[in-house]
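Here's the letter readout for the chains.
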Amino acid sequence: MRPKENQRLLVLHAKWTLQSIYSEDVPDICKGLLADGLDSTSLRKLAGLSADELHEVPQLLRRLFGEMNLEERTKIEAAWLLVHEYAAQIQTGKMGAYEGAQRIGQFGNAFDPLFPYLRPFVAAWYEWDEYPEHSQELESKIRTAAAAILPMSPPPTPGKGSEVDRMVKIASNQAKQDHTYNKSEAAQLLARAIPAGHVVEGTWDSKWIAIGSHNDMLILILHSKLRFAIVRWEFEKFIQQHASKLGILTTSVPNPDSAVLSLTHETVAILSGKEFEQTLPLRWLSLNDLRRITETR
C-alpha cells in the first residue's frame, strides 16, 4: 500500500497539522503502520520509543511525513479529512453518534468555512446536551448527516472556483442581456419578507443594498447591479420564494463576520466593478469583508 493510500497515516498527518496529537499514542499508531506494510527509518524509531523518549515525537513525525512524501495540508483540509474519518466511524458503529457529532461539530465551530457543511452535527450535539430525552431521534439525524457528508468534496480553496463564483458569473451574464433589474423594487420586496426587515439607510447608492432587522441587525446584502444576494442562513426561508420570482441568486452565511466565502479574483472584480490585482492573495471572506473589498476598489 502506498503511503498516500493509508488512512491511518493520513489521519496521523491531519492530527499533526492540527496539533492535536498525544505523543503517548504515537508509538502504537506507528506499530500499526509497520503492520500495514509501511516502512522508514523514522517510522521504526517512532514505533520503538519508550515513555522517556516521547519528547522526540515532534521532530521524528516531521521526518516521517517527509519520508512518506506527504504534502503539507491546510488546517481546513486536515479538519475535513478527520470529518470524513469520524463520519465513516459513525456509519460503521465504531464511534457513537453523540461522540461523533461532538467531534465533527467542534470542527464546524473552529473553522468558519466548514460550518455550513457541519451545522447539522453542531445542532444535534447541542440539542442532545439540552434534550437528552430525544437522543434516539437525534442519533438517527446524526447518522443521516454522516452518510450525507461522506460523498461531499471539501470546501473549495479561495481562488480555485466555487459555487458562489458560478452564481456571480451567471448573474453577470444575465445583467448584460437583461436591463430590467429594478434594485429598489427588489430590495423593498425582500425587506418586507423578513420580520422587521428594512433597507438600511445610506446603502442605496453603494455596491450593496443592506437589509436589516431589529436594531439594524444585518440580514442580507443585495448587489445593486446584479441579481445576486447573500443572506444569513436562518433567514433564507423568508426570502427564497421572492428571490426566485425576481431571478435573484442567493448564497448564505452563518453571520456577517463568519469567513465562509471562497471567491476568485474574477468574482471580486465583477462584484466591485473594477479590476482586482491577480497578484493579491485571496483568503476566506466574510460578508463584511466582501463589502469592504468591493466598496473600496
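For the structure itself, consult the block above.
These remarks concern the structure in this document. All values derive from a computational prediction rather than experimental measurement.

With that out of the way, let us pick up the pairing of strand E2 (residues 208-212). The buried count for E2 comes to five of five residues, which makes it a mostly enclosed element. Side-chain alternation along E2 places Trp208, Ala210 and Gly212 on one buried face and Ile209 and Ile211 on a second face that is also buried. In the sheet, strand E1 (residues 198-199) pairs with E2 via two bridges, with the strands oriented antiparallel. Across the sheet, residue valine 199 finds its bridge partner in E2, namely isoleucine 211. As paired strands, E2 and strand E3 (residues 218-223) are joined by five bridges and run antiparallel to one another. Along E3, the bridge assignment pairs glycine 212 with leucine 218.

All right, on to the pattern of salt bridges then. Tallying each qualifying case throughout the model produces 13 salt bridges. Note that aspartate 28 and lysine 31 form a salt bridge whose closest N and O atoms lie 3.8 Å from each other. Of this pair, aspartate 28 and lysine 31 both sit in helix H2 (residues 26-35), separated by three residues, roughly a single helical turn. With a closest N to O distance of 2.5 Å, arginine 166 and glutamate 163 form a salt bridge. Taken as a pair, arginine 166 and glutamate 163 lie in helix H9 (residues 163-177) at a separation of three residues, close to a single helical turn.

Take serine 262: it is sitting in the loop between strand E5 (249-253) and helix H12 (265-272). For the pair serine 262 and leucine 18, spaced 244 residues apart in sequence, the C-alpha separation works out to 21 Å. Not counting chain neighbours up to four residues away, the residues in contact with serine 262 comprise Pro156, Thr157, Pro158, Gly159, Ser162, Asp165 and Trp284. Side-chain polar atoms of serine 262 contact the backbone oxygen of proline 156, separated by 2.9 Å.

Thresholds applied
- Residues numbered from 1 in each chain as written.
- Predicted model: local features only at pLDDT ≥ 70, side-chain atom pairs only at ≥ 80, totals over all residues.
- Heavy atoms only, no water.
- Buried < 20%, exposed > 50% of the residue type's maximum accessible area, 1.4 Å probe, protein only.
- Helix = DSSP H or I, 4+ residues; strand = E, 2+ residues; numbered from the N terminus.
- Pairing = 2+ DSSP bridges.
- Salt bridge = Lys/Arg side-chain N within 4 Å of Asp/Glu carboxyl O.
- Contact = heavy atoms within 4.5 Å.
- Polar contact = N/O pair within 3.5 Å; in protein donor to acceptor, adjacent residues only side chain to side chain.

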